[in-house]
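Survey of secondary and tertiary structure
So the chains spell out like this:
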Amino acid sequence: MAQYPLSKFHFQVEWGGTKIGFTEISGLDSEVEVIEYRQGASPEYSKIKMPGLHKFSNITLKRGMFQGDNEYYEWLNSIQMNTVERRDITISLLNQDHEPIVVWKVRNAFPTKVQSTDLKADGNEVAIESMEIVHEGLSIQND
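Residues numbered from 1 in each chain as written. Predicted model: local features only at pLDDT ≥ 70, side-chain atom pairs only at ≥ 80, totals over all residues. Heavy atoms only, no water.

A look at the pattern of salt bridges
For the structure on display, the rule yields 6 salt bridges. A salt bridge links arginine 86 to glutamate 136; the shortest N-O distance between them is 3.1 Å. Separated by 50 residues along the polypeptide, arginine 86 in the loop between helix 1 (71-77) and strand 7 (87-94) and glutamate 136 in the loop between strand 9 (128-134) and strand 10 (138-142) bring together distant segments of the chain. Judged by relative accessible area, glutamate 136 falls into the partly exposed class, the value being 38%. Salt bridges here are not isolated pairs; linked through shared partners, they connect Glu36, Lys47 and Lys49. (Salt bridge = Lys/Arg side-chain N within 4 Å of Asp/Glu carboxyl O. Helix = DSSP H or I, 4+ residues; strand = E, 2+ residues; numbered from the N terminus. Buried < 20%, exposed > 50% of the residue type's maximum accessible area, 1.4 Å probe, protein only.)

A look at the nonpolar core
Core analysis: the biggest nonpolar cluster contains 19 residues, and Trp15, Leu61, Ile89, Met131 and Ile133 have the highest contact counts within it. At the level of secondary structure, the elements contributing two or more residues to this core comprise strand 1 (11-15), strand 6 (59-64), helix 1, strand 7, strand 8 (100-115) and strand 9. With 5 residues, the top contributor of residues to this core is strand 8. Ignoring sequence-local partners within four residues, the contact set of isoleucine 89 consists of Val13, Glu14, Trp15, Trp75, Trp104, Lys105, Val106, Ala109 and Ile133. (Core = buried A, V, L, I, M, F, W, Y, C linked by side-chain atoms within 4.5 Å. Contact = heavy atoms within 4.5 Å.)

What follows is the structure, encoded as structure tokens:
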């Protein structure tokens, strides 16, 4: 049987037990910051490099707008001084049987930006809204 790379168009998002349909998700990456150090008596004229703290990108979620659905704005407006509703979010890439094959688990997420759709008089597209979230960790399970 031939091996093919995974397709990226069949996925789902869960937060708080709700499955929400999205059109695009970006920012599922992490990196390790580098610490550079050199002691003064070192015979080498270069720095050594050590792994530092983990750093996670903001995640952007895009979806079509629906009449009466204000969940993005309600979550953003729930933020008050030193008080924020944090959510764990699960993003799953699905196979043809709608089963998860790659799962990204996002920990302690909250929104930092909500962007409404642009308006265009001669446009023929769906109205898309987006939300940018920050989080405290991203783990990947690849079955």
